Amino acid sequence: MRILSIETSCDETGVSVIEASGDLESSTFRILANSISSQIDIHRQYGGVYPNMAKREHGKNLLATLTDALSTAFGDAVHRTDPKSLSSNTILKIKDILEREDELLKHTLDELPKINKPNIDAMAVTSGPGLEPALWVGINFAKALSAIWGLPILPINHMEGHIFSSYISGKEFTISNVKFPLLALLISGGHTELVLSEKGFLYKKIGQTRDDAVGEAFDKVARMLGLSYPGGPEISRLASNGHSAEKFKLPRPMLNTNDFDFSFSGLKTAVLYMVKDKKITERDRADIAKEFEQAVSDVLVKKTLLATARHQAKTLVLGGGVAANTRIRAAITKSFSDNMPDVEIRLPEIKSTTDNAAMIAVAGYIQYLKNGFSKNLNAIKAKGNLSL
Ligand code: KG4
Ligand code: ZN
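Remember, it's a predicted structure, so these values are computed and weren't measured experimentally.

Enquirer: A description of the environment of S374 should follow, citing residues and the corresponding values.
Expert: Inspection of the secondary structure assignment puts S374 in the segment after α12 (358-371). Its relative accessible area of 25% is what places S374 among the partly exposed residues. Separated by 193 residues in the primary sequence, S374 and P181 place their C-alpha atoms 27 Å from one another. When sequence neighbours within four positions are dropped, the list of residues in contact with S374 reads I153 and P155. A polar contact is formed between the side chain of S374 and the backbone oxygen of I153, at a distance of 3.5 Å.

Listed below in structure tokens is the structure:
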């Protein structure tokens, strides 16, 4: 089965095409295209992502990202040699679906006549969680394409995508012999959660942040240290020059609570008091960055070990933008090999930690295997707070 997927939950516009076969016991995937158009340079100027700005950028970028993905996957076969006009009926349908997406509507009407229906069987689109206006652009675009090409749509949970991103390896990979229970530590700009799947990729959230997400804490602390958005990679870079300094000791919030929840807002505030109205040298900044990263890592590792032991998980998956952090990756790997060497650890490739559409397509195929296609396209809606 070939699936075309669309991801617009935050600040990356992604379109991917994959070929998938097999069943829930063992499935094989081939990535034919995985195109991304990043808005980071735009959001960097404003120090963060504003939902309506993200929505507008997705609207501008979606069509070009789609054509890029289709050309990569199918070469010239996607381009019509004789661009012919869309029928008036099709134009009406597209106008109806894209009525609130001005920019996208214009591009779609201009460019779709130049594209042949691609050789795909279904579409997958992120329906949440994420920024609602941004999610809607992707969903409406998927609906418009579905109306024209007559294809079913699979609405996908973005966090499930992050779980499967840890299985993406090169262009061809399999998901087989997965040892359950599987525990996923999902750490991104919007989420920090521990999710358990006892079997069959059915999920239960067993812990989450009570305030800021870990990526959000990285971004806010980065701003306090005068670093640009997104803060995670910047803090990491600065921390690599840092030393452990007693005078910059930070708390490890909820380290010893007997649950799987997290809290990062106190840690962020502790950094604020450390730097506010003080003369901070370049070396101090590096030491603070290092201690902050260490504090976050200590809490994540301890809670993940606790949850793994309590639920006797056999597989641990790491996912989300913060999973790119080398210190956290190394700490997870070391603590598991020291304490629970039998647990299979799956770290995503660094490039798969960022939001991308390939992970949504993989989750789409697994969802198809679990539940088949949704019957009612009207029921597909953006859900900013969608939970696993
Ligand atoms: O998953 P993602 O791309 O978007 C969301 O779904 O939120 O995650 C983005 C977050 C940002 O907060 C960014 O600062 C953080 O991931 N991040 C990192 C690193 N790279 C990205 N945090 C810590 N260390 C990194 N190397
Ligand atoms: Zn994400």
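Back to the text.
Enquirer: How would you summarise unusual backbone geometry if you had to cite specific residues and measurements?
Expert: For the peptide bond that leads from G128 to P129, omega is -10°, which places it in the cis range. Here P129 shows up in the loop between β4 (122-128) and α5 (132-149). The step from F180 to P181 runs through a cis peptide bond, and the omega angle for that step is -5°. With respect to the helices and strands, P181 occurs in the loop between β6 (172-176) and β7 (182-187). Unusually for a residue other than glycine, F201 sits at a positive phi of about 55°. Positive phi is not limited to glycine here, since M254 has a value of about 60°. Position of M254 relative to the elements: it lies in the loop between α8 (231-239) and α9 (265-275). Classification of M254 as buried rests on a relative accessible area of 17%.

Enquirer: With reference to specific residues and values, describe helix α11 (residues 326-339).
Expert: The end-to-end C-alpha distance of α11 is 20 Å, a good match for the 20 Å that 14 residues give at a rise of 1.5 Å each. Every buried residue belonging to α11 is among I328, R329, I332, S335 and F336, and all of these are buried. Buried residues along α11 cover an arc of 145° about the axis, so they all sit on one side. Across α11 from its buried face, at more than 90 degrees, point the exposed residues T326 and K334.

Enquirer: Account for the layout of surface pockets, with residues named and values stated.
Expert: Taken as a whole, the largest pocket holds about 1200 Å³ of empty space. Residue lining of the largest pocket: 47 residues in total, with S188, G189, G190, D219 and Y229 positioned closest to the centre. Contributions of two or more residues to the lining of the largest pocket are made by α6 (158-165), β8 (192-197), β9 (204-208), α7 (214-224) and α8. The greatest single-element share of the lining of the largest pocket, amounting to six residues, is contributed by α7.

Enquirer: Account for the pattern of salt bridges, naming residues and giving values.
Expert: Per the stated rule, a full pass over the model turns up 29 salt bridges. K106 is the salt-bridge partner of D110, the closest N and O atoms lying 3.3 Å from each other. Of the two residues, D110 and K106 both sit in helix α4 (residues 102-111), four residues apart, roughly one turn of that helix. The exposed category is assigned to K106, whose relative accessible area is 52%. Note that R237 and E234 form a salt bridge whose closest N and O atoms lie 3.2 Å from each other.

Enquirer: Tell me what's going on with the sheet that holds β9, and back it up with residues and numbers.
Expert: Spatially, five strands are ordered β9-β8-β7-β10-β11 in an open sheet, and the strand pairing comes out mixed. Both edges of this open sheet fall to β9 and β11 (344-346), since each of them pairs with a single strand only. On average, each strand axis in the sheet is inclined to that of its neighbour by 20°, with strand direction left out of account. Relative to strand β10 (residues 315-319), β7 runs parallel, the two being bridged by five bridges. By the bridge assignment, L185 is partnered in β10 with L318. Contacts between α6 and the sheet are confined to β7, β8 and β10, with β7 contributing the most and set at about 110° to the helix. Lying on the sheet, helix α10 (residues 282-311) is in contact with β7, β8, β9 and β10; it crosses β7 at an angle near 160°.

Enquirer: So what about the coordination of the zinc ion (ligand 2)? Which residues, and what values?
Expert: Coordination of the zinc ion (ligand 2) by the protein comes from H158 (NE2), H162 (NE2) and D355 (OD), over a distance range of 2.1 to 2.2 Å. Each donor residue of the zinc ion (ligand 2) belongs to the same chain, with the gaps between them written as H-x3-H-x192-D. Remark: D355 occurs in the loop between β11 and α12 and H158 occurs in helix α6; sequence separation between them is 197 residues.

Rules used throughout
Residues numbered from 1 in each chain as written. Chains lettered and ligands numbered in written order. Predicted model: local features only at pLDDT ≥ 70, side-chain atom pairs only at ≥ 80, totals over all residues. Heavy atoms only, no water. Helix = DSSP H or I, 4+ residues; strand = E, 2+ residues; numbered from the N terminus. Buried < 20%, exposed > 50% of the residue type's maximum accessible area, 1.4 Å probe, protein only. Contact = heavy atoms within 4.5 Å. Polar contact = N/O pair within 3.5 Å; in protein donor to acceptor, adjacent residues only side chain to side chain. Expected span 1.5 Å × (residues − 1). Arc of directions from axis to C-beta. 1 Å grid on protein atoms, 1.4 Å probe; cavity = no way out; pocket = protein on both sides within 12 Å on 5 of 7 lines; lining within 4 Å. Points joined across faces, edges and corners; volume = space filled by probe spheres on them. Salt bridge = Lys/Arg side-chain N within 4 Å of Asp/Glu carboxyl O. Pairing = 2+ DSSP bridges. Axes fitted to C-alpha atoms, helices over the stretch in contact; angles between N-to-C directions. Donors = N, O, S within 2.8 Å, 3.2 Å for Na, K, Ca; no water.

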